Amino acid sequence: VKAAHNGSIIAFHMNWQSQKNDEIVDLDDFVDGAAIMFPLSVKSSAITMGSPSDPVNAWYWKANIDDDAFDVIARGYGTSGRSKNPTQPINCSADYNGGHWSLVLARKLVVESGRALFKPGKSIRYAFALWDGHNKERSGRKSFSGDFVDAMLQS
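Residues numbered from 1 in each chain as written. Predicted model: local features only at pLDDT ≥ 70, side-chain atom pairs only at ≥ 80, totals over all residues. Heavy atoms only, no water.

Q: Would you explain the environment of Asp 71 in this entry?
A: Mapping Asp 71 onto the fold places it in strand S5 (residues 70-74). Residue Asp 71 is classed as buried on the basis of its relative accessible area, which comes to 5%. Asp 71 sits 13 residues away from Lys 84 along the chain, and the two C-alpha atoms are 6.0 Å apart. Among the polar contacts made by the side chain of Asp 71, one reaches the side chain of Asn 57 at a distance of 2.7 Å. (Helix = DSSP H or I, 4+ residues; strand = E, 2+ residues; numbered from the N terminus. Buried < 20%, exposed > 50% of the residue type's maximum accessible area, 1.4 Å probe, protein only. Polar contact = N/O pair within 3.5 Å; in protein donor to acceptor, adjacent residues only side chain to side chain.)

Have a look at this one:
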């Protein structure tokens, strides 16, 4: 995972090895996916996907969706609410080449309250998850980074 910003937009680049699974043909087919999650409180937990008092905000991409990624708010296990807001989209670009997915998720640094906000020169925390459709991963069945990782967003 790498991140960059230009003062108004922040982008996260994720790259991972996988077999390509980008379509559902039968009931037991699942697509690849990826998400990056940010705490909305200092007490938010990545492992529990937040809690009622300390939610998280995630950006979620699925390989069979061609347009913007989902903006997710979660307040604990099983509470994920997905949306797509045309006024503050999470833009995405995905490419599969040579056995690797390359995904870029980008959004404005600052949007409406209740979503992750980013300020150059300040610390950010994030966690990420990957779903391998070939391995029948979906919903809570996924690979994830564990709790939040701290990083500095350079000025």
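Next comes the rest of the write-up.
Q: What is the right way to look at the pairing of strand S2 (residues 9-17) in this model?
A: Along any regular strand, the residues point their side chains to alternate faces of the sheet. Alternating residues of S2 divide into Ile 10, Phe 12, Met 14 and Trp 16, all buried, and Ile 9, Ala 11, His 13, Asn 15 and Gln 17, none buried. Relative to S2, strand S1 (residues 2-5) runs antiparallel, the two being bridged by four bridges. Among the inter-strand pairings, His 5 is bridged to a residue of S2, identified as Ile 10. Hairpin connection, S1 to S2: the antiparallel pair is bridged by three residues, and Gly 7 has positive phi, about 95°. Where S2 lies against strand S8 (residues 100-108), nine bridges are found, and the strand directions are antiparallel. Of the residues in S8, the one forming a bridge with Ile 9 is Lys 108. (Pairing = 2+ DSSP bridges.)

Q: Looking at this structure, I do not really get the packing of aromatic side chains. What am I missing?
A: Where two aromatic rings form a pair, the distance of their centres and the angle of their planes describe that pair. By the definition in use, this model includes 12 aromatic pairs. The interplanar angle of 80° and the centroid separation of 6.0 Å between the aromatic rings of Trp 59 and Phe 118 together place this pair among those described as edge-to-face. Here the residue Trp 59 occupies a position in strand S4 (residues 56-62), and Phe 118 occupies one in the loop between S8 and strand S9 (123-131), the gap between them amounting to 59 residues. Pair check on accessibility: Trp 59 and Phe 118 agree, each one buried. Three or more aromatic residues joined by ring pairs make a cluster, and in this case those are Phe 12, Phe 38, Trp 59, Phe 118 and Tyr 126. (Phe/Tyr/Trp six-rings, centres within 6.5 Å; stacked < 30°, edge-to-face > 60°.)

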